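Close look at the chain arrangement
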Amino acid sequence: MAMTKPHYSAAEKNVINEARSVEGLRPEKGYNLTFEVKLTADAFGWKDIQVFLMAKVGKKGKYKWKKVKLEQGQNNASPDGKQLLSIDVPNDTTDMNTLHFGLYEVWSGKWKGGLEIYNAKVTEA
């Protein structure tokens, strides 16, 4: 997979909050969430940092999360399925057709730089 110019580059103190939403989910279906990111060769502050994929269905849904590991200098997309988050859409609600999701790191309090976010993918499982 060829990487293009990043949509977002993080060089901020103690926060990554790349949040998005997708509408049109189908009830009783599962969805997979991945982010295509890269730590540049001169990235700093990421060693031993926990980054989280988080998602919820609907405004009142409960967040589901998964820790992901970022490797310096590598494309951190998830084609092997090891770093994806799966979430199911329940059938019994009216506001559950929107998936709210993001990639977060807000707890370390450390300066970081060199994270490039290229894409976020939501696919039906």
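Because the structure is predicted, anything quoted here is derived from the model rather than measured.

Cut-offs applied
Residues numbered from 1 in each chain as written. Predicted model: local features only at pLDDT ≥ 70, side-chain atom pairs only at ≥ 80, totals over all residues. Heavy atoms only, no water. Helix = DSSP H or I, 4+ residues; strand = E, 2+ residues; numbered from the N terminus. Contact = heavy atoms within 4.5 Å. Areas by Shrake-Rupley, 256 points an atom, 1.4 Å probe, with all protein chains shown as cover. Salt bridge = Lys/Arg side-chain N within 4 Å of Asp/Glu carboxyl O. Buried < 20%, exposed > 50% of the residue type's maximum accessible area, 1.4 Å probe, protein only. Pairing = 2+ DSSP bridges. Phe/Tyr/Trp six-rings, centres within 6.5 Å; stacked < 30°, edge-to-face > 60°. Lys NZ or Arg CZ within 6 Å of the ring centre and 35° of its normal.

Points about the overall build of the protein chain
- Secondary structure summary: the protein chain contains zero helices and eight strands in total.
- Listing every helix and strand of the protein chain by position from the N terminus yields β-β-β-β-β-β-β-β.
- Contacts in the protein chain between residues far apart in sequence, at least 24 positions, make up 82% of those at least 6 positions apart.
- When the accessible surface of the protein chain is summed, it comes to about 7500 Å², and 49% of that surface belongs to carbon and sulfur atoms.

Observations regarding the pattern of salt bridges
- Tallying each qualifying case throughout the model produces three salt bridges.
- Between R26 and E124 there is a salt bridge, and its shortest N-O distance comes to 3.0 Å. Of the two residues, R26 is situated in the loop between β2 (16-23) and β3 (30-44) and E124 in strand β8 (residues 113-124); the sequence distance between them amounts to 98 residues.
- On the accessibility criterion, R26 (42% relative accessible area) is partly exposed.
- We classify E124 as partly exposed; its relative accessible area is 39%.

A word on the pairing of strand β4 (residues 51-57)
- Counting buried positions along β4 yields seven of seven residues, so the element is predominantly enclosed.
- Going residue by residue along β4, you find V51, L53, A55 and V57 tucked away on one face and F52, M54 and K56 tucked away on the opposite face as well.
- Relative to strand β7 (residues 98-105), β4 runs antiparallel, the two sharing six bridges. Opposite L53, over in β7, you have L103 as the bridge partner.

Topic: the packing of aromatic side chains
- Under the counting rule described, the total for this entry stands at two aromatic pairs.
- When the centroid spacing of 6.1 Å and the interplanar angle of 65 degrees are considered together, the rings of F35 and F101 count as edge-to-face. Of the two residues, F35 sits in strand β3 while F101 sits in strand β7, which places them 66 residues apart along the sequence.
- Relative to W65, the ring of F52 lies with its centre 5.3 Å away and its plane at 70 degrees, an arrangement referred to as edge-to-face. Taken together, the positions of F52 in strand β4 and W65 in strand β5 (residues 64-68) put the pair 13 residues apart, joining distant regions of the chain.
- When the ring centre of W46 is taken as reference, the NZ or CZ atom of K112 above it lies at 5.8 Å.

Some thoughts on unusual backbone geometry
- Positive phi values are uncommon outside glycine, yet E28 reaches one of about 65 degrees.
- Within the fold, E28 resides in the loop between β2 and β3.

Side note on the environment of L99
- Among the structural elements, L99 can be located in strand β7.
- Spatially, the C-alpha atom of L99 lies 6.8 Å from that of A55, the residues being 44 residues apart in sequence.

Coordinates in, geometry out; function isn't part of it.
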